[in-house]
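Coordinates in review
Take a look at the letters that make up each chain.
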Amino acid sequence: MSGNHKKSKRGLCSTLKYALVLNADFYENAHNTAHNRRLALTIVILAAVSHAIGTGVILLINRATIFALLVGLLIDAIAVVAGYYFWTLTIWKIGQWLKPIDPTYGDLLSPIGFAYAPQVLNFLTLIPLLGRPIELILAVWSLLAVIIAVRQGLDISTRRAMFICLVGWPLIQIAIGSVQILQQELVKLSS
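Note that the coordinates shown come from a computational prediction; the quantities given were computed from them, not determined experimentally.

1. A look at the overall build of the chain
If you tally the helices and strands in the chain, you get eight helices and zero strands. Secondary structure of the chain in N-to-C order comes out as α-α-α-α-α-α-α-α. Computed over its C-alpha atoms, the radius of gyration of the chain comes to 17 Å, within 12% of the 16 Å expected for a compact globule of 191 residues. Projected onto its principal axes, the C-alpha coordinates of the chain cover approximately 55 × 40 × 30 Å. With 191 residues in all, the chain has 41% of them scored as buried. For the chain, restricting intrachain contacts to residue pairs at least 6 apart in sequence, the fraction spanning at least 24 positions comes to 74%. Of the roughly 10,300 Å² that the chain leaves accessible, carbon and sulfur atoms contribute 69%. In the chain, 15 side chains carry a positive charge and 8 a negative one; their mean positions are 4 Å apart.

2. Some thoughts on a nonpolar patch on the surface
Together, Ile45, Val49, Ile53, Val57, Ile58, Ile61, Phe123, Leu124, Leu126, Ile127, Leu129 and Leu130 make up an exposed nonpolar region whose accessible area comes to about 1,000 Å². Within the secondary structure, Leu124 is located in the loop between helix 6 (105–114) and helix 7 (131–154).

3. Here we look at the nonpolar core
In this structure, Tyr27, Ile91, Phe114, Tyr116 and Val150 are the most contacted members of the largest nonpolar core, which totals 40 residues. Here this core takes nine residues from helix 7, the largest share from any one element. Those residues in contact with Tyr27 that sit more than four places away from it in its chain are Ala19, Leu22, Pro111, Phe114, Ala115, Ala145, Ile148, Ala149 and Gln152.

4. Observations concerning the environment of Gly72
Tracing the backbone through its elements, the reader meets Gly72 in helix 5 (residues 66–98). Given the relative accessible area of 0%, Gly72 is considered buried. Sequence-wise, Gly72 and Ala52 are 20 residues apart; in three dimensions their C-alpha atoms are separated by 8.2 Å.

5. Remarks on the environment of Thr104
In this structure, Thr104 sits in the loop between helix 5 and helix 6. The partly exposed category is assigned to Thr104, whose relative accessible area is 40%. Sequence separation between Thr104 and Leu154 is 50 residues, and the spatial gap between their C-alpha atoms is 10.0 Å.

6. Some points on the side chain of Thr125
Its location among the elements puts Thr125 in the loop between helix 6 and helix 7. Residue classification places Thr125 among the buried residues on the basis of a relative accessible area of 14%. Here the side chain of Thr125 touches Asn122 through a polar contact of 2.8 Å, landing on its backbone oxygen. Leaving out residues up to four positions away in the same chain, Thr125 has contacts with Gly131, Ile134 and Glu135.

7. A closer look at the packing of helix 4 (residues 34–61) against helix 6
Running from N to C, helix 4 and helix 6 cross one another at 40°; their axes reach a closest spacing of 8 Å. Taken together, the axes of helix 4 and helix 6 are oblique relative to one another. Crossing handedness for the pair helix 4 and helix 6: left-handed. Between helix 4 and helix 6, the residues in contact are Asn36, Arg37, Leu39, Ala40, Ile43 and Val44 and Leu109, Ser110, Gly113 and Phe114, respectively. Classifying every residue of the contact of helix 4 with helix 6 by side-chain character gives six nonpolar, three polar and one charged.

Each value, and the rule that gives it
Residues numbered from 1 in each chain as written. Predicted model: local features only at pLDDT ≥ 70, side-chain atom pairs only at ≥ 80, totals over all residues. Heavy atoms only, no water. Helix = DSSP H or I, 4+ residues; strand = E, 2+ residues; numbered from the N terminus. Rg over C-alpha atoms; globule rule 2.2 N^0.38 Å. Buried < 20%, exposed > 50% of the residue type's maximum accessible area, 1.4 Å probe, protein only. Contact = heavy atoms within 4.5 Å. Areas by Shrake-Rupley, 256 points an atom, 1.4 Å probe, with all protein chains shown as cover. Lys, Arg positive; Asp, Glu negative; His and termini not counted. Charge placed at Lys NZ, Arg CZ, Asp CG, Glu CD. Patch = residues over 30% accessible without salt bridge, like charges linked within 9 Å, V, L, I, M, F, W, Y side chains within 5 Å. Salt bridge = Lys/Arg side-chain N within 4 Å of Asp/Glu carboxyl O. Core = buried A, V, L, I, M, F, W, Y, C linked by side-chain atoms within 4.5 Å. Polar contact = N/O pair within 3.5 Å; in protein donor to acceptor, adjacent residues only side chain to side chain. Axes fitted to C-alpha atoms, helices over the stretch in contact; angles between N-to-C directions. Parallel < 35°, antiparallel > 145°, perpendicular 65-115°, else oblique. Left-handed = near helix turned anticlockwise from the far one by under 90°. Nonpolar A, V, L, I, M, F, W, Y, C, P; charged D, E, K, R; others polar.

Quick look at the structure:
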């Protein structure tokens with residue numbers, strides 16, 4: 001097996017490692033293959049599960065009913081995965097608007113999915129008094145990873161990549177906040 005083939009068949013652990021350290025070469029070589037799409041989606045799903053674990057514990061602490069807990073977990077997990085697809089779409093559309101770009105929407109799914117690697121650590125938000133700061137650090141870390149993924153994937157300047165990513169990022173943060181408010185309302189209703 002050649003060295004290039006081995007590189008393209010990275011496993012989940014090494015993919016997470018390269019994604020977490022914001023390795024620009026890794027993001028540049030995150031070609032749209034079936035293997036990479038599966039890895040990227042796995043990372044996004046792990047991020048959703050990690051976020052849902054944090055939410056679930058908080059809901060349990062607040063004595064949510066089983067129904068509110070299950071609905072809250074489902075909403076939380078779906079929100080993370082939907083946010084991934086929405087942010088990728090936003091990035092792709094803005095990239096097309098700024099300059100005709102070669103990559104398709106599908107071509108961006110793998111590198112942006114890899115950029116969700118910091119969100120796999122979202123369960124750490126359960127640490128008392130540090131949950132919100134950890135959540136913000138992970139959000140900014142993911143934003144930096146997406147900027148690198150977009151810069152490398154679209155072969156554009158860092159400034160343009162930042163602009164493209166920063167347009168969609170606040171929308172994602174607002175959506176996350178809305179989901180958290182919805183979950184709090186579910187707990188109130190179930191009490």
